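Report on the structure
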Amino acid sequence: MSARCLGTRGTLLGRSLTPLVRLRLRAFVVVLALAVVIPSLAAPGAAQASGRPSCLSRMEWDVLRNINWARAHFGLRRLKVDASLTRSANAHTRDMARRFYYAHDSFNGRPWYSRIRRYVRAKTVAEALNYICGPRSLHREPGAIVRSWLASPEHRPILLSRSMRRIGIARQSKRRPGRPAFYTADFASLH
């Protein structure tokens, strides 16, 4: 639309103007056209670079990016977001934040693997939990969560497992003093 408007303006004014004014007008039109085209060329690349699925918040997406960075460092495939695993992680994380407990098994005692298998079919499933207290930072928190998982002898093998191919991540925080932000990462093999 803007190119058509600029073109129309140029044809209306072009014939009656002096050559110098026409040259300046053409240069202005070219600069304006480049100003419109360059951001539109950059936008798809930027969208592909972020590629954040709608089921993940920015913090959850940054956790996944940190996990995938660690996996790439060890020559492993990237984990792909699975909406069903994300729903499983969300349900558990919301429950932990609401009832203020921290455990893999559900509050009613249901085993963690049974909860995950309600959402996905997979040969292998796994789960990693974490929480963070105190002042939180949008930029530092995801890295701190992943670093603590990688430092844990129980969680590191899950994050760096070759058989794990899908992931669902959830973060939940009650905005009350002393309440932590809870994280759940549910993992599954491809089949």
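Refer to the structure above for everything that follows.
A short tour of the structure in this document, coming up. Each chain carries its own residue numbering, running from 1 in the written order of its sequence. Reporting of local features is limited, given that this is a predicted model, to residues whose pLDDT is at least 70; pairs of side-chain atoms are given and counted only at 80 or more, and all residues count toward the totals for whole chains, interfaces and linings. Side-chain measures here rest on the full set of heavy atoms in the structure, leaving out hydrogens and waters.

**With respect to the sheet that holds strand β4 (residues 181-189)**
Note the following rule: The pairing criterion is simple: DSSP has to find at least two bridges between the two strands. A run of DSSP states H or I qualifies as a helix once it reaches four residues; a run of E qualifies as a strand once it reaches two. Both are numbered from the N-terminal end. Any two residues having at least one pair of non-hydrogen atoms within 4.5 Å are treated as being in contact. Helix axes use the C-alpha atoms of the stretch in contact, all axes being lines fitted to C-alpha atoms, and the angles between their N-to-C directions lie in the range 0 to 180 degrees.
Within the open sheet, the four strands sit side by side as β1-β3-β4-β2. Their pairing is mixed. Both edges of this open sheet fall to β1 (80-81) and β2 (125-132), since each of them pairs with a single strand only. Sheet topology note: the β2/β4 ladder contains eight bridges and is antiparallel. Its bridge partner lying in β4, A126 is registered against F187. Seen against the sheet, helix α3 (residues 58-73) touches β1, β3 (164-173) and β4 and runs at an angle of roughly 145° to β3. Along the sheet, helix α6 (residues 141-151) contacts β2, β3 and β4; its crossing angle with β2, the most-contacted strand, is approximately 125°.

**A short note on the pairing of β4**
Worth spelling out the cut-off: Only protein chains enter the accessibility calculation, which uses a 1.4 Å probe; a residue whose area is less than 20% of its type maximum is buried, one above 50% is exposed, and one in between is partly exposed.
Of all the nine residues making up β4, nine are buried; the element is thus mostly covered by neighbouring parts of the structure. Bridging between β3 and β4 involves nine bridges; their strand directions are antiparallel. What sits directly across from Q172, in β4, is F182.

**Some remarks on the environment of L85**
Assignment of secondary structure puts L85 in helix α4 (residues 83-99). Relative accessible area serves as the criterion here: at 0%, L85 is assigned to the buried category. Sequence-wise, L85 and G168 are 83 residues apart; in three dimensions their C-alpha atoms are separated by 4.3 Å. Not counting chain neighbours up to four residues away, the residues in contact with L85 comprise I116, V120, R166, I167, G168, D186, F187 and A188.

**What about α4?**
Here is the rule we go by: Helix span, as expected, comes to 1.5 Å for every residue beyond the first. A 3.5 Å cut-off defines polar contacts: any pair of N or O atoms within that distance qualifies, except that in protein one atom must be a possible hydrogen donor and the other a possible acceptor, and neighbouring residues in sequence count only when both atoms are side-chain atoms.
End to end, α4 covers 24 Å across 17 residues, agreeing with the expected 24 Å (1.5 Å per residue, within 8%). All of the buried residues along α4 are S84, L85, T86, S88, A89, N90, H92, T93, D95, M96 and A97. Turning to α4, the residues buried within the fold contact α3, β1, α5 (112-119), β2, β3 and β4. Sitting at the amino-terminal end of α4 is D82, which places a side-chain oxygen 2.9 Å from the backbone nitrogen of S84. Following α4 by one or two positions, F100 adopts a phi angle in the positive range, close to 55°.

**Some thoughts on the packing of α3 against α6**
Applied cut-off: Each angle is binned into one of four classes, with values under 35 degrees roughly parallel, values over 145 roughly antiparallel, values of 65 to 115 roughly perpendicular, and all other values oblique. Crossing handedness: left-handed means the near helix sits turned counterclockwise from the far one by under a right angle, and right-handed means the same turn made clockwise. Residue polarity follows a fixed list, in which Ala, Val, Leu, Ile, Met, Phe, Trp, Tyr, Cys and Pro are nonpolar, Asp, Glu, Lys and Arg are charged, and the others, Gly among them, are polar.
Relative orientation of the contacting elements α3 and α6 amounts to 45°, with a least axis distance of 8 Å. Comparing the axis directions of α3 and α6 gives the class oblique. When you trace α3 past α6, the crossing you get is right-handed. Where α3 abuts α6, its residues M59, D62, V63, N66, I67 and A70 lie against E141, P142, G143, V146, W149 and L150. Of the residues assigned to the contact of α3 with α6, the class counts are eight nonpolar, two polar and two charged.

All quantities given are derived from atomic positions and should not be read as evidence of function.
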